[in-house]
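# Summary of structural features
These are the residues of each chain, in order.
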Amino acid sequence: MTSIINQIDPARVPAHVAIIMDGNGRWAKSRGLDRCEGHVEGVSTVRKITEIASETGVRYLTLYAFSTENWNRPKEEVDALMHLIVVAIERETPDLIKNNVRLTMIGDFDRMPSSAYERLVRCINDTSHCTGLVLNLALSYSSRWELTRAAREIARDAAAGLIDPAEINDETVAAHLATASMPDPDLLIRTGGDFRVSNFLLWQLAYTELYFTDTYWPDFDKESFCRAIIEYQSRERRFGLTSEQVTT
Ligand code: IPE
Ligand code: IPE
Ligand code: MG
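Mapped onto the elements of the fold, D157 is located in helix α6 (residues 143-159). We classify D157 as partly exposed; its relative accessible area is 24%. Every residue in contact with D157, bar those within four places of it in the chain, is listed here: L162, I163 and H176.

Counting across every chain of the model gives zero disulfides. Here C130 stays unpaired: no disulfide links it, and the sulfur of C123, its closest cysteine neighbor, is 8.8 Å away. Residue classification places C130 among the buried positions, given a relative accessible area of 4%.

Take the packing of aromatic side chains next. Applying the stated criterion across every chain, the model contains nine aromatic pairs. Between the aromatic rings of Y64 and F200, the centroid separation amounts to 4.2 Å while the plane-to-plane angle is 10 degrees, which identifies the pairing as stacked. Of the two residues, Y64 sits in strand β2 (residues 60-67) while F200 sits in the loop between β5 (187-190) and β6 (209-212), which places them 136 residues apart along the sequence. Taking relative accessible area as the criterion, F200 reaches 0% and is therefore assigned buried. Ring geometry for F66 against W71: centres 4.7 Å apart, planes inclined by 65 degrees, an arrangement best described as edge-to-face. In this pair, the class of F66 matches that of W71, namely buried. Connected via pairs of aromatic rings, a cluster forms that spans Y64, Y141, W145 and F200.

Definitions and cut-offs
- Residues numbered from 1 in each chain as written.
- Chains lettered and ligands numbered in written order.
- Predicted model: local features only at pLDDT ≥ 70, side-chain atom pairs only at ≥ 80, totals over all residues.
- Heavy atoms only, no water.
- Helix = DSSP H or I, 4+ residues; strand = E, 2+ residues; numbered from the N terminus.
- Buried < 20%, exposed > 50% of the residue type's maximum accessible area, 1.4 Å probe, protein only.
- Contact = heavy atoms within 4.5 Å.
- Disulfide = S-S within 2.5 Å.
- Phe/Tyr/Trp six-rings, centres within 6.5 Å; stacked < 30°, edge-to-face > 60°.

So this is what it looks like as structure tokens:
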């Protein structure tokens, strides 16, 4: 573990890592367990990855915990997931404070049970003074929901004469997204073996480096996270420029 951490160049750690935490259900199934057992195990991975992200100097960690589409899963699974979120936040808040981690969240919270939402807001308030890693949970989140909401807000401002439609640019849109206060992700990790973005941060991922692994989320560990960072550091980010332009 120490040796793999040492392979990370501290000067080029991604400021923002986003993760699609996938594979809990299949992890459980492969062990003859209920899907929900996979979610329980997935929570301990969240704990470990939050720690290693802090240790390596990542500034923002955005975790896709529950998508808009996930509301259509069987009611028992949705209820179990909401309950698990409340229990985990309740249990982890003291350690988040101790580790100087600030919790934030993005998503359509109107659809969340008020008990879960209120518990999360309490943790957000309790950690609001923390200056270390920002742990950003995407809950009841989808990029199309977020972009549609941004379009609605911008249209409303234009109709009210507050902005000139001709002046709407990239920055106007970005300022209306739930991630307005954060830089775009530098690295996206998806566990669980699928190669898709599943309605996650479609705008923000424009120039993000993508990293896919077959490892199911409950098996993803600190070493796996370090390996993803090391792979990220081997990439050349060109942002549409030529290789010569970015290296000189
Ligand atoms: C990811 O694991 C967690 C959530 C989407 C809430 P899944 O539950 O999607 O696990 P698989 O993809 O079915 O294995
Ligand atoms: C993506 O996983 C959403 C989260 C990890 C919360 P899904 O399991 O919902 O995605 P699909 O259905 O495989 O695209
Ligand atoms: Mg899945």
